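Architecture at a glance
Residues per chain are reported as follows:
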Amino acid sequence: MIKTIYFQDDSVMLLDQSQLPDRLVYEKCNDPAQVADAIIGLKVRGAPLIGVTAAFGLALGIKNYRGPTEQVDQYFQATCKLLASTRPTAVNLFWALERMEKTYMIHRHQELESIAQILMAEADKMYAEDIAINRAIGDYGQELVPAGGRVLTICNAGALATCGYGTALGVIRSAAARGKIDKVWACETRPVLQGARLTVWELMREGIPVGLITDSMAGYTMQLGKIDLVIVGADRIAANGDAANKIGTFSLAVLAAYHNIPFYVAAPLSTIDLSIDNGGQIPIEERHQDEVRQIAGTYLTVPDVEVFNPAFDVTPQHLIKGIITEKGIIEPPYISGLEHIKTKTQG
Ligand code: MRU
């Protein structure tokens, strides 16, 4: 399986997803600022991977820290702040930084070199855990896929968006391994085209049958009876089950409800944010207007037209048939189910 991130000597190597599918290249990051820029620039993206990448960035910062010993705490906090400021919607980012901070606080009185080792080990552990979590999501979720299943998805919630295997694509992978996938329909996912560039690439590499549609073709494709279920990832799920995911997800959920097609969200428990009651409280990132005005650096409209470019939308919980996690599938009412699974099953 493709490696999305790894440590090499004094650097972090990131698979640069902005260049896929044309080029498979890794970017070498020597400091946390470079890691932060890679997250902002969508070189690494996808909620779980953003979190683990920030953890790698933090460990890298401490490993390469050469300033006065009495200022390490200050440097650690400033680096956390820098990484936390990169993207606001995926809660996995803040979850991962908090976990690193807890680890740091326990060991901060040790030699700098051993703190760095411990932080790197913690980041590596998160990486390995994420793959195991995705496999568990896949195993639970595949039961929802009928034989000959035709699944619609949006964005990329695959190996590229995680440390491997994927959430929504993890379910698809597990179903495909059991011979249950007839077709995956990937929405291209305007404006950054994660569906067309990443999901299609990822699935075709593994021989999982995939077709590409533009986002506006989803309704007609459903109307033709070509879709049995919709499975998407999530960036943040509120306590009531409202789920933020890539822009366009909400429209798919409405269309699925209209056509009586089950709509599922696949996500790890780290994506569930019990501190907020509903999706209205999820911060939605707005990105640069040129993402909409241009494709691959070429303007497709009048260059100074006003643009609205929210990167995510929120699907209300009543449109979601189930939330597939590593601990099982949660069905409505989410308000009790999410809290139970998050507080009773996690250490
Ligand atoms: O802007 P992106 O590419 O980071 O958005 C990614 C998504 O919306 C994914 O569906 C979500 O993070 C889940 S990834 C397992």
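The preceding data block contains the structure.
As a starting point, this report considers the structure included with it. Positions within a chain are numbered from 1, following the residues in the order the chain's sequence is written. In keeping with the model being predicted, local features are shown solely for residues with a pLDDT of at least 70 and side-chain atom pairs are shown and tallied solely at 80 or more, while totals for entire chains, interfaces and linings include all residues. Values reported for side chains reflect all heavy atoms of the structure, with hydrogen atoms and water molecules removed beforehand.

Attention now goes to the site of the ligand. R45, A47, R87, N245 and K246 are the nearest of the 16 residues found near the ligand. Any N or O atom pair separated by 3.5 Å or less is treated as a polar contact, with the protein-specific requirement of one donor-capable and one acceptor-capable atom, and with residues adjacent in sequence counted only for side-chain atom pairs. Residue G46 places a main-chain N or O atom 2.9 Å away from an oxygen atom belonging to the ligand. Within the contact set of the ligand, an oxygen atom lies 2.6 Å away from a side-chain nitrogen or oxygen of N245. In this description, accessible areas are obtained by the Shrake-Rupley approach with a 1.4 Å probe, and a residue is regarded as covered only by the protein chains that are shown. Starting from 410 Å² of accessible surface for the ligand in isolation, the protein chains cover 100%. With respect to the detected pockets, the ligand is housed in the largest cavity. Helix and strand assignments come from DSSP, with helices taken as H or I runs of at least 4 residues and strands as E runs of at least 2, each series counted from the N terminus. Those elements that place two or more of their residues in the shell around the ligand are α2 (47-63) and β9 (243-246). Start and end points for every domain follow an automatic or database-based domain assignment. Residue contributions to the shell around the ligand reach at least three from each of two domains, namely domain 1 (5-135) and domain 2 (145-346). Think of it this way: one heavy atom of a residue within 4 Å of a molecule or strand is enough to make that residue near it. Throughout, the protein atoms alone are placed on a 1 Å grid, and a set of points is a cavity if a 1.4 Å probe fits but cannot get out or a pocket if it is open with protein on both sides within 12 Å along at least five of seven lines; lining residues have an atom within 4 Å of a point. Whether a molecule lies in a cavity or pocket depends on its atoms, and more than half of them have to be within 2 Å of the grid points.

A few words now on empty space enclosed by the protein. Grid points are joined across faces, edges and corners, and a volume is the space filled by probe spheres set on the points. Throughout the structure, instances matching the rule amount to three cavities of 30 Å³ or more. Looking at the largest cavity, its volume works out to about 200 Å³. If you go around the largest cavity, you meet 23 residues; those closest to its centre are R45, G46, A47, N156 and D235. Of all the secondary-structure elements, those providing two or more residues to the lining of the largest cavity are α2 and β9. Mapped onto the domain boundaries, the lining of the largest cavity takes at least three residues apiece from domain 1 (5-135) and domain 2 (145-346). What the second largest cavity holds in volume is close to 100 Å³. Around the second largest cavity sit P48, G51, V52, N92, W95, M126, E129, D130, I133, P268 and S270, which together line it.

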